[in-house]
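So you can see what is in the structure, the chains are spelled out below.
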Amino acid sequence: MQQKNLLVMALIVSFGIVACGKDGGKSTGGDKAGANGKMIEFVTTQDGKPMEIKPELFDTPAAKEFAATGKNPYIGQQDAIDKGKKLFQMYSCTQCHGGDAQGQTGPSLHGPNFRYAKDATNKGMFETIWHGTNGGMGAKGKGLMDPTDPNNGLVPDEVLKIQAWVRTHGSTTGNE
Ligand code: HEC
């Protein structure tokens, strides 16, 4: 029993080190998502608790970079911005946030002031879109958006493209 507890502790500690990126590039926790096999720690917007996102969902170079750094490489990339705009329509974000993300029943996403201050950063906004809020914003992440269908929902790469489009309306990029 004692030994088991120690093992659990050791696992938690090594995960923590990986999440903080202080392991000098050597992953010991098994998360191989990021560019160097490192993955930052994502937390929910609801209560700031760690949230698990399957590493394999970060399946493009941009998504891997984001998983490792929290920076969105698609910011300012016209191709990604165009795709993001389409996804914003496809996933009905427009229905609540308006065709230009200017706000409708849901709030404007233009910033610089957000309901959740962390949404000024791309990591923070990603977490809000992925896992939702307690105030009417549903989770859009794959497997979360539609509990009856684990294949339905946005993948990280798509969230990053949506974000690239959303950020074209504001004065900050979210990568500051
Ligand atoms: C059913 C309506 C609805 C849909 C569809 C919806 N949202 Fe929301 N969204 C909301 C509401 C309501 C809030 C405010 C939540 C709160 O105050 O907790 C919100 C909040 C947000 C926020 C946080 C804004 C802030 O000020 O911090 C972001 C980002 C966001 N939504 C993005 C999206 C994206 C991207 C999509 C599409 C993938 C989407 N939403 C779809 C209703 C919706």
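Further up the page is the structure itself.
Calculation criteria
- Residues numbered from 1 in each chain as written.
- Predicted model: local features only at pLDDT ≥ 70, side-chain atom pairs only at ≥ 80, totals over all residues.
- Axes fitted to C-alpha atoms, helices over the stretch in contact; angles between N-to-C directions.
- Helix = DSSP H or I, 4+ residues; strand = E, 2+ residues; numbered from the N terminus.
- Parallel < 35°, antiparallel > 145°, perpendicular 65-115°, else oblique.
- Contact = placed C-beta atoms within 7 Å.
- Nonpolar A, V, L, I, M, F, W, Y, C, P; charged D, E, K, R; others polar.
- Expected span 1.5 Å × (residues − 1).
- Buried ≥ 20, exposed ≤ 12 C-beta atoms within 10 Å, placed from the backbone.
- Arc of directions from axis to C-beta.

Relative to each other, helix α3 (residues 78–90) and helix α6 (residues 156–167) sit at 100°, their axes nearing to 7 Å. In terms of orientation, α3 and α6 fall into the roughly perpendicular class. On α6, the residues touching Ala80, Ile81, Lys83, Gly84, Lys85, Leu87 and Phe88 of α3 are Glu158, Lys161, Ile162, Gln163, Ala164 and Trp165. Of the residues belonging to the contact of α3 with α6, the class tally is seven nonpolar, two polar and four charged.

Right, let's talk about α3 for a bit. An ideal rise of 1.5 Å per residue puts 18 Å on 13 residues; α3 measures up with 18 Å between its terminal C-alpha atoms. Taken together, the buried positions of α3 are Ala80, Gly84, Lys85 and Phe88. Angularly, the buried residues of α3 cover 145° about the axis, an arc narrow enough to put them on a single face. Among the exposed residues of α3, those pointing more than 90 degrees away from its buried face are Gln78, Asp79, Gln89 and Met90. Buried residues in α3 make contact with α4 (93–97) and α6.

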